[in-house]
Amino acid sequence: MRTQPTTIEAVLARVPTGLFIAGRSVPARSGATFPVVDPATEETLLCVADATATDAQQAMTAAAAAADSWAQTAPRERAEILRRAFTIIEGRAEELALLMTLELGRALPDSRAEAKYGAEFLRWFAEEAVRINGRFTASPTGSGRILVTHVPVGPCLAITPWNFPLAMGTRKIGPALAAGNVMLVKPAKETPLTMLVLAEAFDQAGLPPGVLSVLPTTDARGVSTALITDDRLRKISFTGSTPVGRSLLRQAADRVQRTSMELGGNAPFLVFDDADLDTAVDGAFAAKMRNGGEACTAANRFLVQSAIAERFTMALTAKMMTQVRMGIGYEDGVTLGPLVSAAQRDSVAAAVKSAVADGGRVLLGGTAPEGRGYFYPPTVIDQVDPYAPVTREEIFGPVVVISTVETEREMIAAANSTEYGLAAYVYSRDAERCARVAARLEAGMVGVNRGVISDVAAPFGGVKQSGIGREGGAEGISEYQSVQYLALP
């Protein structure tokens, strides 16, 4: 049974479709709009204002005008606004979950989980806003005293991806505002609706005009460049692909702007022969199928020791076969919706084709269905060489690629044989082995006998070409602060 159309219509009717600048929803100066498409039906949900470089400059001027006043706002007052925004988002959780499912396509249970997870960043950073500390010490030479404080870094730009339209906003906006910064957000063109609702929630929470701007656009390069080349911008936070991240870093270097980059991932999932099989299968399912596989932390390569490989593969295949129901994301019982776009579906299909060409055996799925919507079924492929081309890049879809590996040394070598280093997973009953292997894995985050690792209270980020900086946790707010030293007599 589908959600009643009137419910969908009511949710869409509440979405502001203009740019959010200076505390108001306004049309683009050009008058242009672009459609936001439902990936399940390929039909237009809404048309939203299409920002240009001119709109970006207007937003930057509004942000600059608000910057000093917001930086001087008491931490407690900033915290209260964040807390009120959390309460508003929490109260609209079901509505936001449906909205995310409509514009992203994924199953409603995943959207409900994000509505809760995304809101929590606002509560977390409301609490962090009043805990910005410094230090005061006497100089060792006896010549004076040292006072170290943390001040806002300045106007910030957040460029967010399509796969977590609420959480990627709150995880960046929350700490920026808590630290006393103004922020401009360029959401992904595939999923701008949730971010516009989030901006509205901040306005309802009492955020002063100009402190937050949201600029949906089909001209990502033009809008971003207009902001990055503006000398008033001091910080860039980006989540997305490594190639785009490299380009942004080059642009930021010209003005020595601060950056946080959460880039590509290629997470290995290591299953040792002493692992608890049921626990490993459950963890593998969670690590792969969260968000339909469209997550940077999704397990991308399953490296399994030979003694347990056949049993693990058969058990995981059975779980994928029986516990995944593909369909329109808001239909009852659906656990896997479509991918976000035709391009993403084609990319996943190409990865499967590559795996098969290199000797992989398809045990489940492997072929996109006919008809409307960007669907791709749950797929399991085993007998894949751990160094095959398909293991080099993110699949970003519901595809399990399993390789059999013999020794611990070989497992670690295969896991680290990539330019990426965001997340990794280790399954073993041996605590000493888990600690030893985790220490040798080149990853910013390691799940030990745990398939879901994201936590608002933990630092999220990677190493190597998976990025720079951390989001969330106590570390997250420091990304939006500059250290200031006062030399006192």
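Thresholds, definitions, all that
Residues numbered from 1 in each chain as written. Predicted model: local features only at pLDDT ≥ 70, side-chain atom pairs only at ≥ 80, totals over all residues. Heavy atoms only, no water. Helix = DSSP H or I, 4+ residues; strand = E, 2+ residues; numbered from the N terminus. Rg over C-alpha atoms; globule rule 2.2 N^0.38 Å. Buried < 20%, exposed > 50% of the residue type's maximum accessible area, 1.4 Å probe, protein only. Contact = heavy atoms within 4.5 Å. Areas by Shrake-Rupley, 256 points an atom, 1.4 Å probe, with all protein chains shown as cover. Lys, Arg positive; Asp, Glu negative; His and termini not counted. Charge placed at Lys NZ, Arg CZ, Asp CG, Glu CD. Pairing = 2+ DSSP bridges. Axes fitted to C-alpha atoms, helices over the stretch in contact; angles between N-to-C directions. Phe/Tyr/Trp six-rings, centres within 6.5 Å; stacked < 30°, edge-to-face > 60°. Salt bridge = Lys/Arg side-chain N within 4 Å of Asp/Glu carboxyl O.

Engineer: Would you mind showing me how to read the overall build of the protein here?
Structural biologist: The helix and strand tally for the protein stands at 14 helices and 22 strands. Taking 23 Å as the expected radius of gyration for a compact globule of 489 residues, we find that the protein reaches 23 Å, a close match to that expectation. Dimensions of the protein along its principal axes, counting C-alpha atoms only, are 65 × 65 × 40 Å. By the burial criterion, 58% of the 489 residues in the protein qualify as buried. Looking at the protein alone, contacts between residues at least 24 apart form 73% of all its contacts between residues at least 6 apart. Surface summary for the protein: the accessible area is close to 18700 Å², and the carbon and sulfur share equals 53%. Averaging the coordinates of the 47 positive side-chain charges in the protein and doing the same for the 53 negative ones gives two points 5 Å apart.

Engineer: Before we go on, may I ask you to explain the pairing of strand 3 (residues 33-37) in this structure?
Structural biologist: Regular strands place their side chains on alternate faces of the sheet. Pairing analysis gives five bridges linking strand 3 to strand 4 (residues 44-49), with the strands arranged antiparallel. In the sheet register, Thr33 faces strand 4, and the bridge partner there is Ala49. The hairpin formed by strand 3 and strand 4 contains six residues between the paired strands, and Glu42 there has a positive phi angle of roughly 65 degrees.

Engineer: What's the story with the sheet that holds strand 6 (residues 145-152) in this structure? I'm lost.
Structural biologist: Note: strands within a sheet are paired through backbone hydrogen bonds, in either parallel or antiparallel orientation. Judged by pairing direction, the sheet is antiparallel, and its three strands sit side by side in the order 5-6-22 without closing on themselves. Two strands in the sheet have a free side with no partner beyond their single neighbour: strand 5 (135-138) and strand 22 (481-488). Strand-to-strand twist of the sheet, defined as the mean angle between neighbouring strand axes without regard to direction, takes the value 20 degrees. Of the strand pairs in this sheet, strand 6 and strand 22 are connected by eight bridges, and their pairing is antiparallel. Across the sheet, Thr149 pairs through a bridge with Gln484, a residue of strand 22.

Engineer: Help me understand the sheet that holds strand 14 (residues 361-364) in this model?
Structural biologist: Strands sit in the order 14-15-16-13-12-18-19 across an open sheet of seven strands; the sheet is mixed. At either margin of the open sheet sits one strand with a lone partner, and together these are strand 14 and strand 19 (445-448). Recorded for the sheet is a direction-independent mean angle of 20 degrees between the axes of neighbouring strands. On top of the sheet, helix 13 (residues 408-415) reaches strand 12 (267-271), strand 13 (299-305) and strand 16 (399-405); it is set at about 165 degrees to strand 13, its chief contact.

Engineer: Sorry if this is basic, but what is going on with the packing of aromatic side chains here?
Structural biologist: For any pair of aromatic rings, the description rests on two quantities: the centre-to-centre distance and the angle between the ring planes. In the structure shown here, the tally under the stated rule is six aromatic pairs. Ring geometry for Phe269 versus Phe302: centroids 5.1 Å apart, planes at 40 degrees, classification tilted. One end of the pair, Phe269, is in strand 12; the other, Phe302, is in strand 13, and 33 residues separate them in sequence. Classification of Phe302 as buried rests on a relative accessible area of 0%. An angle of 35 degrees between the planes, with centres 6.4 Å apart, marks the rings of Phe302 and Phe312 as tilted. A residue pair is termed long-range when its members are at least 10 positions apart, and Phe302 in strand 13 and Phe312 in helix 11 (residues 306-323) qualify at 10 residues.

Engineer: Help me understand the pattern of salt bridges, please; the structure alone is not making it clear to me.
Structural biologist: Think of it this way: side chains of opposite charge can pair up when their charged atoms draw near. Going through the model one piece at a time under the given rule, you end up with 24 salt bridges. Residue Glu114 is joined to Arg106 by a salt bridge in which the shortest nitrogen-to-oxygen separation is 2.2 Å. Residue classification places Glu114 among the buried positions, given a relative accessible area of 1%. Note on Arg106: relative accessible area 2%, which makes it buried.

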